Every structure is written in C-alpha cells, then in structure tokens.
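What follows is the residue order along each chain.
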Amino acid sequence: MSPMIIFTLSLLTFSLYTAATVAATAYDLLKSHNFPIGLLPKGVQNYTLNPTTGKFNLSLNGTCSFSLEKSYQIKYESTVSGCIDKNKLTDLSGISVKVLFFWLNIVEVDRSNDDQLVFSVGVASANFPVENFDVCPQCGCGLGCDFVRSNVFVRKIKFNHLISPI
C-alpha cells in the first residue's frame, strides 16, 4: 500500500473513533465520565472538547444562579471550562458557591468514591451524595421549579376567584 493510502485510512479511522467517542451533549459527556447530569443546570447551549487532553468549554445562555437545599447559592457564568477525566473534573472556572458572605470558585469535583461527590474550592471541600445530582437544576429556582410554578398557579387561581363576579 502506498503511504498516502495508509495516511488517509489512518486519518479516517481516527476521525470515526473521535466522532464515536464525543458525546452528543454536555450532559452525555458528564455521563460518559461517570458523573451525574445534575452537575450542570438546564440550558447548556453547546460545548467543545479536546478528546486528547480532556479540556472542555461549555456555554450557557447567560449567567445562571439558584439556591440548593435552602443553604447554598450556586452561580454559573455564561462560559464554564475545565478538564474532564473519568471520575474527575479539574481546573474548573465559571462555577462558584456562596459560603457565608463570600463567593468561592469550585475548582474540582471528584467521584473517587462511587456514591459521593467531593467539591473543592481549593482550601476546603465538601462531600455530597451522587443521587443529589440526578436531576439538572434550573436557573432561577434550582430544583424547586415545579413547586414555584404550581405555587404561582395556585395564587393566580385564588386571586382570580376573589375578583370574579358571582
């Protein structure tokens, strides 16, 4: 075989392998590296991944913030980046958590223990059960969006009932 044919076949094989290993969405990318989809809020627009280094960038439709468990304020910038590997997200930027009065950047997420995620802000870390992240939070209301929507709906019904003619 000629060197040109070998090169073309190699390039084609690499392209097919890369296409097969690249996830369709950022949520698929998380799952393929053993992370739950709820690490990202709903509404990721797109992402890029270098399959060799694991470096990624993803875009949201603007900044996104919400409360979790009535005690944690989380904020995502419109662009989030980092490096993804099996059970490990490192060099993260664009995600922060409010601790007391200060916003701290989440720089790493580790899933070495199968049922726990360890979030690191550099000088400190906190563990949470993986199942807490089975569902994607939504910007503005976190995981309580259905409650917020139903509560607004109930208030509208009560208000309309009070002003409707008898």
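Look above for the structure.
In this text, all values refer to a predicted model and were calculated from it rather than measured experimentally.

Caption draft 1: Representation of the layout of surface pockets in the model. Roughly 610 Å³ of volume is contained in the largest pocket. Along the walls of the largest pocket sit 34 residues, with L39, I74, I106, F119 and F133 positioned nearest its centre. Only α2 (26–32), β2 (55–60), β3 (64–68), β4 (72–85), β5 (88–99) and β9 (125–129) provide two or more residues apiece to the lining of the largest pocket. Looking at the lining of the largest pocket residue by residue, the class counts come to 30 nonpolar, three polar and one charged.

Caption draft 2: Layout of the nonpolar core. Membership of the largest hydrophobic core comes to 31 residues, with the highest contact counts inside it found for L39, L58, Y76, L89 and V109. When residues of this core are traced back to their parent elements, those giving at least two are α2, β1 (44–49), β2, β3, β4, β5 and β8 (116–120). If sequence neighbours within four positions are ignored, L58 has contacts with A26, L40, V44, N46, Y47, S78, T79 and V80.

Caption draft 3: Main features of a nonpolar patch on the surface. A cluster of nonpolar side chains, namely V99, L100, F101, F102 and L104, defines an oily patch on the protein surface of about 580 Å² accessible area. Turning to its location among the elements, F101 is positioned in the loop between β5 and β6 (102–105). For F101, a relative accessible area of 73% translates into the label exposed.

Caption draft 4: Fine view of the packing of aromatic side chains. For the coordinates displayed, the defined rule picks out four aromatic pairs. Aromatic pair F66 and Y76: ring centres 6.1 Å apart, planes at 25°, arrangement stacked. Highlighted residues: F66 in strand β3 and Y76 in strand β4, separated in sequence by 10 residues. One exposure class covers both F66 and Y76, and it is buried. Between F119 and F128 the ring centres are 5.8 Å apart and the planes differ by 75°, which places this aromatic pair in the edge-to-face class. Judged by its relative accessible area of 17%, F128 falls in the buried class. What links up through ring pairs into an aromatic cluster is the set Y72, F119, F128 and F133. Taking NZ or CZ as reference, K75 lies 4.8 Å from the ring centre of W103, over its face.

Caption draft 5: Geometry of the state of the cysteines. What the rule picks out here adds up to one disulfide. The disulfide that involves C64 links it to C139, with 2.0 Å between the sulfurs. Taking the sign of the torsion about the S-S bond as the criterion, the disulfide between C64 and C139, at about -110°, is left-handed. Pair noted here: C64 is in strand β3 and C139 is in the loop between β9 and α3 (145–163), with a separation of 75 residues, a long-range link. On the basis of relative accessible area, C139 is assigned to the partly exposed category, the value being 34%.

Cut-offs applied
Residues numbered from 1 in each chain as written. Predicted model: local features only at pLDDT ≥ 70, side-chain atom pairs only at ≥ 80, totals over all residues. Heavy atoms only, no water. 1 Å grid on protein atoms, 1.4 Å probe; cavity = no way out; pocket = protein on both sides within 12 Å on 5 of 7 lines; lining within 4 Å. Points joined across faces, edges and corners; volume = space filled by probe spheres on them. Helix = DSSP H or I, 4+ residues; strand = E, 2+ residues; numbered from the N terminus. Nonpolar A, V, L, I, M, F, W, Y, C, P; charged D, E, K, R; others polar. Core = buried A, V, L, I, M, F, W, Y, C linked by side-chain atoms within 4.5 Å. Buried < 20%, exposed > 50% of the residue type's maximum accessible area, 1.4 Å probe, protein only. Contact = heavy atoms within 4.5 Å. Patch = residues over 30% accessible without salt bridge, like charges linked within 9 Å, V, L, I, M, F, W, Y side chains within 5 Å. Areas by Shrake-Rupley, 256 points an atom, 1.4 Å probe, with all protein chains shown as cover. Salt bridge = Lys/Arg side-chain N within 4 Å of Asp/Glu carboxyl O. Phe/Tyr/Trp six-rings, centres within 6.5 Å; stacked < 30°, edge-to-face > 60°. Lys NZ or Arg CZ within 6 Å of the ring centre and 35° of its normal. Disulfide = S-S within 2.5 Å.

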